[in-house]
Amino acid sequence: MYLSEYQAKAHNNSLETEINGSKTLYSVVGVIDECGEIAGKIKKLHRDFGGEISDEWSEDISKEIGDVLWYIAEIASIKGWNLSEIDEVNCHLEGYCNCKDISDALMQSNKATCLLMSGVQSSNDLETRIAMALLIIYLEKMSNFVGKTLMDIMDINIKKVESRRERNVIKGNGDNR
């Protein structure tokens, strides 16, 4: 699955929720929230298992990476941008994105999240696009650290979200609803 196909499938499952009249702000808050969930899992992984990623932890973290990507795709859809075009910026940024492990990739993604917030708040589309491109790079690096590709993550995420929609549990709490 390519990013543009993923974006369309992700948007088909959007509830188009707003915060203060802004769908974009809702999605930025979603990125922040889901990055926090990845952080929590990585913290527990180090606390409880010395940082060793088992198959179970790989699946759990993969689902959260997919959730961050879903919100990034939704921002692109709201803005009328093609996620594949944003990803093309990555070839210019890749050299700046060296991560030694998943924790490092997470810390770098949090910096990109701050840039995303700044870009959205100031209506700076260039800054927003760069932040989204950086986030995609870091999500891909995190995916690789858990033994997955970004394509794997997209597939896992779409299956999860479509299953929730079919079961009418798109709203609610909990990773395994």
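Residues numbered from 1 in each chain as written. Predicted model: local features only at pLDDT ≥ 70, side-chain atom pairs only at ≥ 80, totals over all residues. Heavy atoms only, no water.

Trainee: Sorry if this is basic, but what is going on with the packing of aromatic side chains here?
Mentor: Geometrically, a pair of aromatic rings is defined through the distance of the ring centres and the angle of the planes. Here the structure, examined in full by the defined rule, presents three aromatic pairs. Each ring, one from Tyr 26 and one from Tyr 71, has its centre 6.1 Å from the other, and the planes form 65 degrees; the classification is edge-to-face. Pair noted here: Tyr 26 is in helix α2 (residues 23-49) and Tyr 71 is in helix α3 (residues 55-79), with a separation of 45 residues, a long-range link. Accessibility expressed as a relative area gives 28% for Tyr 26, which makes it partly exposed. Taken together, a centroid distance of 5.0 Å and an interplanar angle of 85 degrees make the contact between Trp 70 and Tyr 71 edge-to-face. For the pair Trp 70 and Tyr 71, one class covers both residues: buried. (Phe/Tyr/Trp six-rings, centres within 6.5 Å; stacked < 30°, edge-to-face > 60°. Helix = DSSP H or I, 4+ residues; strand = E, 2+ residues; numbered from the N terminus. Buried < 20%, exposed > 50% of the residue type's maximum accessible area, 1.4 Å probe, protein only.)

Trainee: Please clarify how the nonpolar core should be interpreted in this entry.
Mentor: Nonpolar side chains in soluble globular proteins tend to be buried together. Of all hydrophobic cores here, the largest spans 48 residues; its most connected members are Val 31, Ile 72, Leu 83, Leu 116 and Met 132. Breaking this core down by element, the ones donating at least two residues are α1 (3-12), α2, α3, α4 (83-88), α6 (102-121), α7 (125-145) and α8 (150-166). When residues of this core are assigned to their parent elements, the largest contribution, eleven residues, is made by α3. Among all residues touching Met 132, those that are not within four sequence positions of it are Ile 72, Ile 75, Ala 76, Trp 81, Leu 83, Ile 86 and Leu 116. (Core = buried A, V, L, I, M, F, W, Y, C linked by side-chain atoms within 4.5 Å. Contact = heavy atoms within 4.5 Å.)

Trainee: Any chance you could explain α7 here in plain terms?
Mentor: An α-helical turn contains 3.6 residues, so any two residues separated by three or four positions project in the same direction. For α7, built from 21 residues, the straight-helix expectation of 30 Å at 1.5 Å per residue is met to within 8% by its first-to-last C-alpha distance of 30 Å. If you check the start of α7, you find a side-chain oxygen 3.2 Å away from the backbone N of Leu 126, and it comes from Asn 124. At the C-terminal side of α7, Gly 147 shows a positive phi close to 80 degrees. (Expected span 1.5 Å × (residues − 1). Polar contact = N/O pair within 3.5 Å; in protein donor to acceptor, adjacent residues only side chain to side chain.)

Trainee: Sorry if this is basic, but what is going on with the pattern of salt bridges here?
Mentor: Should their charged atoms come close, side chains of opposite charge can pair. Tallying each qualifying case throughout the model produces seven salt bridges. Note that Lys 9 and Glu 5 form a salt bridge whose closest N and O atoms lie 3.4 Å from each other. On the criterion of helical spacing, the pair formed by Lys 9 and Glu 5 is a turn pair, its members being four residues apart in helix α1. Assessed through its relative accessible area of 30%, Lys 9 is described here as partly exposed. One salt bridge connects Asp 125 with Lys 79, and the closest N-O pair in it is separated by 3.3 Å. (Salt bridge = Lys/Arg side-chain N within 4 Å of Asp/Glu carboxyl O.)

This is a description of form; function is not addressed.
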